[in-house]
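# Notes for the structure review
Letter by letter, the chains look like this.
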Amino acid sequence: MTDDAASRPRDRQPLDAESDRVAWRLAVDAAGVGAFVWDLVSGQLRWDGRLLELFGLDEDTFGGTIEAFNQCVHPDDLPRVSAALERAVSTCGDYDAEYRVVLPDGGVRWIEARGRALCDQPGGPAARLVGAAYDTTDVREGEARIARVLESMSSAFFQLDHAWRFTYVNSEAERLLGATRVHLVGRSIWEAFPAAVGSPFERHYRGAADSGSPVSFEAYYPPPLDAWYEVRAWPSPEGLAVYFVDISARRAAQDALDRSAHRLALLASVSEALTATLDPVEGVSRLATHLVPELADWCLVTLVEDPNAADWRRALRDVGWAHADPDLEPVLREYASLRLTAMTDESYLALTIREMTPVLMETHAAEQVAAVLVPGPARDRLRLLDPASAAVVPLRARGRTVGVVSVFRGPGRPAFGDDDVVLLQDIGSRAALALDNARLYAGQRDVSEALQRSMLTEPPPAEDLEIATRYAPAGDVARIGGDWYDAFLQPGDPATSPDVVVVVGDVVGHDVEAAAAMGQVRGLLRGVAVHSGDAPAAILSGVDTVMDSLQLGTTATAVVARLERDAGLAAQHEPGVSVRWAHAGHPPALLLTPDGAVTLLAEVDDNDLLLGFDPDVARAEQVRRLEPGATLVFYTDGLVERRDRDIDAGVEALADLLRMLAATTEDIETLCDRLLEGMIEDRPEDDVALLVVRWSPGG
C-alpha cells in the first residue's frame, strides 16, 4: 500500500444483511426483549426464545395459539389486553398493552408489549400482528412501593403532567379535594378546580414550573372546599408534584388568637383613656374615639344623668360621638343633638336602660332605628348615616346603669354578632366603673373642698394691711391635706389696733388623716395665740406643750409671724409696723422691699425643731421693722421642693421669681397667682399653702 493510499480515508461499507441481523439480535437480547408474530390467517402464534422465557414456557409447553396466550394472562387484565389486540387488528394499527402474566409456578410477572398489525395488500384486512415485549415487573414493583408510601402519607399528594392534567392522586388528596382519582386523573386541574384560575395556586404552580424551583405557600380555596391549605410543589421531569395539608383549623386558631390580642389591645387602650382623667364626662366621651373605626363605623355615648327623671329622655345626654368618615361627622353631630327628643318609648335606648340588657340589630338597622324615631330631622339624619347593623350596650356599675354606648356599622363591614356584644359589654363594664369612680371622686372632691374652705378661712380685714392666700392640692388627690394658712387678730395694746398674726404650717402627709391633724394643730395654735396674747416664739412653745399633753402623735412645721403696730409712732401720726416671727422647722419667709430687694427671714442659727417633738425646747424669734409697701411671702415646702430640685435651690428660685415680678405686679392677688404659676406645674407633687402680706399705709 502506497503512502497516498494509506492517507486516504477508507470508504465506509454498510453492514451486510447477516451482520445487521446479528447486531439487532444482540441489542434485543441485551434489552431483554422478546419478539412475537401472530399469523391472523392461520392463527399460529410464534414466540422467540426470550419471550418464552419471560412467560416461563418452552417450545413444548407453549401451545402456539392466541388461546394459549390468553391462558397465561392474568384474568383481571385479559379483557383489557384482548380489547387492545382487537383494536389493532381491526384498524391495522398499533398495539400497546401492559399486563400481568401468571407463571407456571403461580408467580406473577408484569409484561409491557407493543406491536403493529400488517396488511398484505393496501386497504386489505390485517394478515399478521408482529411485536415485542419485555419485563416491567421491577418498574411496577417500584411504582407499587412508591404508591404504598404515597397512600400511607398523612399529607395529600397529586402529580400533574406538563399539560396540567392529574396523573396520580393519593387517598388523602381525594378526601381533601372531595373528588375520587377516577374523577380527577386525566383532567386538567384548571377544569376540575376552576376557582384556582388566577388565584395564588395558579400563580405559584406556574412559577414553579417556569423557574424549575420548588415553592411553598398558604392559600385559601373558596366553597365548596372552603378551606386554607399549606402547599409545597416540586417541578419534576414528569410535571409538578404537589403536597398539601388542610390548615383551616390552625388558621382559625391563629385568627382567633389575633382577634383576642386585638381585643385585649383595644380594652387596654380604652382603660387607659378612661383612667387618664377624673372628669366623668370627658372620660366617657373619649370612649367613642377609641371604638371608631376599630370596632364600628360610628358611635354614640350617652350618660344617664338623672335616673329618677319623670321623662326618661330628660335623664339622658349624648356626650361623645365619632364617625370614621369625616364628611359624615357633622351629620352625626346633628343627629346626636336631635335623636333623644325624637325617640319614642319603644326605642332601643329606652329598652336597653329599662331592661338593663344589650340590644343587637344584625340587619336592617336603619329601618329598625327609624321605626322608633318620630318623623322629622332626626330620622332624616339617620337615613344619611345609613347603618346596616348596630349594637347597644348599657354601661353598668355597682348595680345601676350609668350610661349607654351605641355602635353602628355600614353595609361595607360584617354585621355585629354575639362576640362583638360580649366585647362591648366588657368595654362597657370598664367604662361604667371608670365613670362611676369619677363621679364618686367628684362628689368626694366637692365635700373635701367644702371642708377645706371651712378650715382655711378668709383673712380678717386689717387697717393698711393687704392679705392674699392660696391653696393648691397635690395633683388630683382629694383636694385636702396637711398644709394650711391662717390669719387672725390678736388683741394687744388698747391704744393701738389689734395685731395681726399670720401662720403657714404643714402637717406631714396630704390625705384626710393629715387634714384632720392639721385641723387640730391649727385650732390649738389659734387658741393659744388669742388666749395668751403671746409673741410667736411663746405661741409655738405653748402649742408644743398642749400637743404633748393631748398626745396628738403628729408633727408639723410652722412659721408664726405677728405684724405689730408701733404705738409711739401712731400717736405722732406716723404709722409704723414691725414683723416678729418664729419658725418650727419651716422654710424661711421672704421679704420684698419697695426697692425690689428680696431677703430671707431666717438667716440665724436658732433652734428650729418641728412642732410635736419636744415640749421643753426653747423657741427663738426675730423682729424687723417694715418699710411702707413692703411685702412678706409665707409658703409651705410644696412650692419650692420637687423631685429634681432640693428645698434650698427652690427657695433661691422663688426669691429670683419674686424679684422679677416685683416691678410688674402691683396687686398681691395677681402676685400669688404668678408665684404659683411660675413655681409649680399643673399637677403639683405636694400640697402648697401660700400667704402674702403687704403693708400699704394710707392705701
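Residues numbered from 1 in each chain as written. Predicted model: local features only at pLDDT ≥ 70, side-chain atom pairs only at ≥ 80, totals over all residues. Heavy atoms only, no water.

## Observations concerning the overall build of the protein chain
Note the following rule: Counting from the N terminus, the helices are the DSSP runs of H or I reaching at least four residues and the strands are the DSSP runs of E reaching at least two. Classification of residues uses two cut-offs on accessible area relative to the type maximum, computed with a 1.4 Å probe and protein chains only: under 20% is buried, over 50% is exposed, and between them is partly exposed. Residues count as neighbours in contact if any of their non-hydrogen atoms are within 4.5 Å of one another. Values of accessible area rely on a 1.4 Å probe in the Shrake-Rupley scheme; residue burial ignores everything except the protein chains shown.
Each helix and strand counted, the protein chain has 22 helices and 25 strands in total. Split into buried and exposed, the 699 residues of the protein chain put 45% on the buried side. Counting only contacts in the protein chain whose residues sit at least 6 apart along the sequence, the fraction spanning at least 24 positions is 60%. Counting every atom, the protein chain has about 35,300 Å² of accessible surface; 52% of that belongs to carbon and sulfur.

## Looking at the sheet that holds strand β18 (residues 499–507)
Strand pairing in a sheet takes place through backbone hydrogen bonds and is either antiparallel or parallel in direction. To keep things clear, this is the line we draw: Here, strands pair whenever DSSP counts at least two bridges between them. Here the axes come from fitting lines to C-alpha atoms, over the contacting stretch only for helices, and the angles between their N-to-C directions go from 0 to 180 degrees.
Ordered by their spatial adjacency, five strands build an open sheet running β17-β18-β19-β20-β23, and the pairing between neighbours is antiparallel. The strands lining the two open edges of the sheet, one partner per strand, are β17 (483–490) and β23 (622–625). When strand polarity is set aside, the average angle formed by the axes of neighbouring strands in this sheet is 15 degrees. Here β18 pairs with strand β19 (residues 556–565) via eight bridges, running antiparallel. The residue of β19 that forms the bridge with Val-500 is Leu-563. Against the sheet, helix α19 (residues 536–550) touches β17, β19 and β20 (577–584), its axis set at about 30 degrees to β20.

## Observations concerning the pattern of salt bridges
The test is simple: We count a salt bridge whenever a side-chain nitrogen from Lys or Arg sits within 4 Å of a carboxyl oxygen from Asp or Glu.
Under the definition given, this model contains 34 salt bridges. Among the salt bridges present, the one from Asp-94 reaches Arg-116, with a minimum N-O distance of 2.8 Å. Pair noted here: Asp-94 is in strand β3 (residues 94–102) and Arg-116 is in strand β4 (residues 108–119), with a separation of 22 residues, a long-range link. On the accessibility criterion, Arg-116 (46% relative accessible area) is partly exposed. Ionic pairing is found between Glu-564 and Arg-562, a salt bridge with its closest N-O pair at 3.0 Å. We classify Arg-562 as buried; its relative accessible area is 11%. Three or more residues joined by partner-sharing salt bridges are found here, namely Glu-218, Glu-230, Arg-232, Arg-250 and Arg-251.

## Some words on the packing of aromatic side chains
Using the following cut-off: Here the aromatic set is Phe, Tyr and Trp, taking the six-membered ring for Trp, and pairing holds for ring centres within 6.5 Å; pairs whose planes are under 30 degrees apart are stacked, those over 60 apart are edge-to-face, and all others are tilted. Should the NZ of a Lys or the CZ of an Arg lie within 6 Å of a ring centre and within 35 degrees of the ring normal, that charge is described as sitting over the ring.
For the structure on display, the rule yields 21 aromatic pairs. Seen in terms of ring centroids, Phe-166 and Phe-193 are 6.3 Å apart; in terms of plane orientation they differ by 70 degrees. Their pairing is edge-to-face. On the criterion of sequence distance, the pair formed by Phe-166 in strand β7 (residues 166–169) and Phe-193 in the loop between α9 (189–192) and α10 (200–211) is long-range, its members being 27 residues apart. Ring geometry for Tyr-205 versus Phe-217: centroids 6.0 Å apart, planes at 65 degrees, classification edge-to-face. Of this pair, Tyr-205 sits in helix α10 while Phe-217 sits in strand β8 (residues 215–221), and the two are twelve residues apart along the sequence. What links up through ring pairs into an aromatic cluster is the set Phe-158, Phe-166, Phe-193, Phe-201, Tyr-205, Phe-217, Tyr-221, Tyr-229 and Phe-244. Taking NZ or CZ as reference, Arg-251 lies 3.6 Å from the ring centre of Trp-228, over its face. It is Arg-409 that lies over the ring of Phe-416; its NZ or CZ is 4.0 Å from the centre.

## Focus: the side chain of Asp-544
For clarity, the threshold we go by: Pairs of N or O atoms within 3.5 Å make up the polar contacts considered here, provided that, within protein, one atom can donate a hydrogen while the other can accept it, and that residues adjacent in sequence are counted only when both atoms are side-chain atoms.
Here Asp-544 lies in helix α19. One polar contact links the side chain of Asp-544 to the main-chain amide nitrogen of Gly-612, over a distance of 2.9 Å. Dropping the residues within four chain positions of it, Asp-544 is found in contact with Leu-610, Leu-611, Gly-612, Phe-613, Asp-614, Pro-615, Val-617 and Arg-619.

## Observations regarding the state of the cysteines
We apply this condition: What counts as a disulfide here is a pair of cysteine sulfur atoms lying within 2.5 Å.
Per the stated rule, a full pass over the model turns up one disulfide. Across the disulfide, Cys-92 is cross-linked to Cys-119 (sulfur-sulfur distance 2.5 Å). Handedness here is read from the sign of the S-S torsion; for Cys-92 and Cys-119, about 115 degrees, the answer is right-handed. In this pair, Cys-92 sits in the loop between α5 (78–91) and β3 while Cys-119 sits in strand β4, placing the two residues 27 residues apart along the sequence. Residue Cys-92 is classed as partly exposed on the basis of its relative accessible area of 27%.

## Focus: the confidence of the model for the protein chain
For clarity, the cut-off: Think of pLDDT as the predictor's per-residue confidence, scored from 0 to 100.
Per-residue pLDDT for the protein chain has a mean of 84; in total, 83% of the residues score no lower than 70. Averaged over each element, pLDDT in the protein chain is lowest for helix α1 (residues 3–7) (47) and highest for strand β24 (residues 631–635) (96). Counting interchain partners and residues more than four positions distant, the pLDDT-below-50 stretch residues 4–15 has two contacts. With pLDDT under 50 throughout, residues 568–572 is counted as low confidence; its partners more than four residues away or in other chains account for four contacts.

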